[in-house]
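Observations on the three-dimensional arrangement
Chain by chain, the residues run as shown.
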Amino acid sequence: MKAILLLNSDGSLTRWQADALQEAKRSGLSISGVLLAASQNKRKIHSGVVGYYAIASLAQVGNPWMKRQSSTDVLDDSVPVLMVSCTASGSWDVLPSEAWDFCSGNDVMIKFGLGLLRIPENLPLRHGVLSYHHGDPRSYRGRPAGFHEMVSHEPIMGVIVQRLSNVLDGGEVLAEAKSPVYPHSYRATLTNAYRSGVPLLGAAVRNLLFHRQTDIDSLGRNYSLPNNAVVAKFLAQQAAASASRLAYGAFRRKAWQVGYSAISLNLTGGDTVISSSEINRTPTPKPYSFLADPCSEDSQGIFCEAMPASGKGRIVRLSREGVDEVGFGRQGSHFSYPQRVDSGSNCYLFPEVASHSSPCLYEIDSHSLSVFGQWKLTGLEAERILDGTLFEHLGRWYLFGQRADEPVSIARLWHSEGLFDRWEEHQDSPIAIDPRRARMAGPIMKDGGNLFRLTQDSSGGYGAAVTINQIQAISSETYAEKFLGRVSIDGWKGPHTITASSQGGYWLDCYRDVWSLRAGVSRLRARFGGKR
């Protein structure tokens, strides 16, 4: 798909914009021209909103994702460039006719410059003009990004790529995502929104090719820059949230436990609340501080993560005889989320090892739990994948997971012809950009001929609940799923992992917040390689 890139007159891009262009190339986007436009609408900073400009500037200082770079760093030197000056129509910029003539023969314009852009009737672009909006226009139109969502205590905010119209933030939505709102930090909220939006441009290109779009039925309120009084309230909220977060980090910890429940979970029945009385929780054995991630079982017990005082997780098998630890032979490394994988007559464990390795299969003796071989997944040697989950379907292998260096809202998918063949990223990856249904929460489940991907609801905090997504299509060429509901526990937080038991019922984990004078020390230890 041939595109014209619209930039401000200085020809610069932010890092997230440059990354979005790079990722969109995988979907077939090709920049064939650059339009540098000078706006006549010069923004004036009025004294009544100076407070907002101050906090916005602080959010950008030293932020690598907002750092501007020359477009020549990411574009071919042979790409033609045209410089033009806009005229003003109220608050809207109007490109001259020579700019639209320059676009002739291209499919689409990518707008990374100017403010409000007036779209002419006879647009010489088959797919129009694409633009980002960091907000869900069904609720939050206008500006500034993320601010009003924080004031309103929203757990998430929207990010979209739209086909522009002459209605403010009212164009057709070609791709959308959700990003977490962090009450303690405007900087973190903005950074994650920008980063979560990086894959959307490529998704929009694919949706254009297949004529997929979403028309917004009703538009939300059109917000504007907040006055100084609103900013003062915002700063007070942020300070309170920061103090609460620091106190929690120093003196509170999540006391995770693993349990079994004989319930019959209706995966297609919408939201489910499990009574804590229906869970037979396993006491955490010494010397571990918690048990979590019950990801797979064998004939002798359930494999899960156990956390020692070092803050580096270990893999254990819980059984009626007690607790046995898997001998990986790597002291000081963090292991978690242990999936058991059978291939032929061999038994493997596939734990998360993102803190120190690319995805790796460990061949184990199912009786002694000793490890006598390990294999890194071919093609993924440069990846660090969180809670990777392997799944074989119709003779093909799939790997669901998250890149450790990406936001918690982005779920990706890889595939391979065989477990030990070369792996590559799926063309429909990322498969979700939403903190409520990105990170994996256990193996893919099968029920009544249907497939379900269980995910962690990370909106508003880590490990709050599990969400259920039905896989509608999965092959080497396509992937699709739909959200069905949420699973939570009455009186406890969680689960954040659910695994079907061969005996019927489910293994799961849950936690309560408890006071601990060592919580802060434990977190500092876990920071250097641990997951929690």
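The following refers to the structure shown. The model shown is predicted, which means the values in this text are computed figures rather than measured ones.

Before going further, it helps to spend a moment on the overall build of the protein chain. Broken down by element type, the protein chain carries 8 helices and 36 strands. At 25 Å, the protein chain has a C-alpha radius of gyration in line with the 24 Å of a compact globule built from 532 residues. Each of the three principal axes of the protein chain carries a C-alpha extent, and together these read 80 × 50 × 40 Å. Within the protein chain, buried positions represent 55% of all 532 residues. Residue pairs in contact within the protein chain that sit at least 24 positions apart in sequence constitute 61% of those at least 6 positions apart. As displayed, the protein chain offers around 23,200 Å² of accessible surface, 49% of which is attributable to carbon and sulfur atoms. Looking at charge distribution, the protein chain has the averaged site of its 56 positive side-chain charges lying 8 Å from that of its 51 negative ones.

This paragraph deals with helix H5 (residues 186-196). A large share of H5 lies buried, amounting to 9 of its 11 residues. Where H5 starts, the residue carrying a side-chain oxygen 3.4 Å from the main-chain nitrogen of arginine 187 turns out to be serine 185.

Let us now look at the pairing of strand E8 (residues 108-111). The two faces of the sheet receive side chains in turn, since in a regular strand these alternate between them. On E8, burial covers both faces: Val108 and Ile110 on one face and Met109 and Lys111 on the other are all buried. In terms of strand pairing, strand E1 (residues 2-8) meets E8 through 4 bridges, oriented parallel. Bridge pairing links leucine 5 to isoleucine 110 in E8. Here E8 pairs with strand E10 (residues 129-133) via 3 bridges, running parallel.

This brings us to the pairing of strand E16 (residues 272-275). Only one face of E16 is covered, namely the face carrying Thr272 and Ile274; the face carrying Val273 and Ser275 is uncovered. Of the pairings in the sheet, the one linking E16 to strand E34 (residues 479-490) comprises 4 bridges and is parallel in character. From the neighbouring strand, isoleucine 274 faces E34, where its bridge partner is isoleucine 489.

All right, on to helix H7 (residues 228-251) then. Taking 1.5 Å per residue, 24 residues should reach 34 Å; H7 reaches 35 Å between its end C-alpha atoms and fits that length. All buried positions along H7 are accounted for by Val231, Phe234, Gln237, Gln238, Ala241 and Gly249.

It is worth spelling out the nonpolar core at this point. Ranked by size, the top nonpolar core spans 56 residues in total, and within it Leu29, Phe112 and Leu201 carry the most contacts. The element contributing the most residues to this core is helix H6 (residues 200-209), with 6 residues. Aside from chain neighbours lying at most four places away, what touches phenylalanine 112 is Leu5, Leu6, Leu7, Leu13, Trp16, Gln17, Leu21, Tyr132 and Leu201.

For the rest of this paragraph, the subject is the sheet that holds strand E6 (residues 87-89). Spatially, the 3 strands line up as an open sheet ordered E6-E7-E9, and their pairing is mixed. Both outer strands of the open sheet, E6 and strand E9 (116-117), are each paired with one neighbouring strand and no more. Bridging between E6 and strand E7 (residues 92-94) involves 3 bridges; their strand directions are antiparallel. Within E7, the residue paired with serine 89 across the bridge is tryptophan 92.

All right, on to the environment of arginine 518 then. Among the structural elements, arginine 518 can be located in the loop between strand E36 (506-515) and helix H8 (519-527). Spatially, the C-alpha atom of arginine 518 lies 9.9 Å from that of glycine 249, the residues being 269 residues apart in sequence.

The interhelical angle for the contact between helix H2 (residues 50-60) and H7, taken along N-to-C directions, is 40°, at an axis separation of 7 Å. The angle between the axes of H2 and H7 places the two elements in the oblique class. Contact with H2, carried on its side by Val50, Gly51, Tyr52 and Ile55, involves Asn228, Val231, Phe234 and Leu235 of H7 and no other residues of that element. Each residue belonging to the contact of H2 with H7 can be placed in one class, and the counts come to 6 nonpolar, 2 polar and no charged.

Turning our eyes to something else, we now look at unusual backbone geometry. Cis geometry is adopted by the peptide bond preceding proline 430, which originates at serine 429 and carries an omega value of 0°. Looking at where proline 430 falls in the secondary structure, it is placed in the loop between strand E29 (424-425) and strand E30 (432-433). Cis geometry is found at the peptide bond from glycine 494 to proline 495, where omega equals 0°. Mapped onto the secondary structure, proline 495 falls in the loop between E34 and strand E35 (498-500). Unusually for a residue other than glycine, histidine 211 sits at a positive phi of about 60°. Examined against the element boundaries, histidine 211 turns out to sit in the loop between H6 and strand E14 (221-223). Even without being glycine, leucine 369 reaches a positive phi, approximately 65°. Looking at where leucine 369 falls in the secondary structure, it is placed in the loop between strand E24 (360-364) and strand E25 (371-376).

Right, let's get into the sheet that holds strand E20 (residues 314-319). Spatial strand order, E18-E19-E20-E21: 4 strands in an open sheet with antiparallel pairing. Each edge of the sheet is formed by a strand with only one pairing partner; in this case those strands are strand E18 (290-297) and strand E21 (322-325). Taken pair by pair, the neighbouring strands of this sheet meet at an average axis angle of 35°, ignoring direction. One ladder, built from 4 bridges, connects E20 with E21; its direction is antiparallel. Among the inter-strand pairings, valine 316 is bridged to a residue of E21, identified as glutamate 325.

This part takes up the pattern of salt bridges. This model, assessed by the stated rule, comprises 24 salt bridges. For aspartate 107, the salt bridge identified is with arginine 126, shortest N-O distance 3.1 Å. In this pair, aspartate 107 sits in the loop between helix H3 (97-103) and E8 while arginine 126 sits in the loop between E9 and E10, placing the two residues 19 residues apart along the sequence. Here aspartate 107 falls in the buried class, since its relative accessible area comes to 15%. Residue arginine 126 is classed as exposed on the basis of its relative accessible area, which comes to 60%. Aspartate 136 serves as the salt-bridge partner of arginine 138, at 3.0 Å between the closest nitrogen and oxygen. Looking at arginine 138, the relative accessible area reads 32%, which means it is partly exposed. Looking at aspartate 136, the relative accessible area reads 12%, which means it is buried.

The next point concerns a nonpolar patch on the surface. A cluster of nonpolar side chains, Phe251, Trp515 and Leu517, forms an exposed patch at the surface whose accessible area comes to about 450 Å². Within the secondary structure, phenylalanine 251 sits in helix H7.

Here the focus is the side chain of asparagine 192. Examined against the element boundaries, asparagine 192 turns out to sit in helix H5. Setting aside residues no more than four positions away along its own chain, asparagine 192 makes contact with Ser179, Tyr182 and Pro407.

Quick notes on the rules
- Residues numbered from 1 in each chain as written.
- Predicted model: local features only at pLDDT ≥ 70, side-chain atom pairs only at ≥ 80, totals over all residues.
- Heavy atoms only, no water.
- Helix = DSSP H or I, 4+ residues; strand = E, 2+ residues; numbered from the N terminus.
- Rg over C-alpha atoms; globule rule 2.2 N^0.38 Å.
- Buried < 20%, exposed > 50% of the residue type's maximum accessible area, 1.4 Å probe, protein only.
- Contact = heavy atoms within 4.5 Å.
- Areas by Shrake-Rupley, 256 points an atom, 1.4 Å probe, with all protein chains shown as cover.
- Lys, Arg positive; Asp, Glu negative; His and termini not counted.
- Charge placed at Lys NZ, Arg CZ, Asp CG, Glu CD.
- Polar contact = N/O pair within 3.5 Å; in protein donor to acceptor, adjacent residues only side chain to side chain.
- Pairing = 2+ DSSP bridges.
- Expected span 1.5 Å × (residues − 1).
- Core = buried A, V, L, I, M, F, W, Y, C linked by side-chain atoms within 4.5 Å.
- Axes fitted to C-alpha atoms, helices over the stretch in contact; angles between N-to-C directions.
- Parallel < 35°, antiparallel > 145°, perpendicular 65-115°, else oblique.
- Nonpolar A, V, L, I, M, F, W, Y, C, P; charged D, E, K, R; others polar.
- Salt bridge = Lys/Arg side-chain N within 4 Å of Asp/Glu carboxyl O.
- Patch = residues over 30% accessible without salt bridge, like charges linked within 9 Å, V, L, I, M, F, W, Y side chains within 5 Å.

This is a description of form; function is not addressed.
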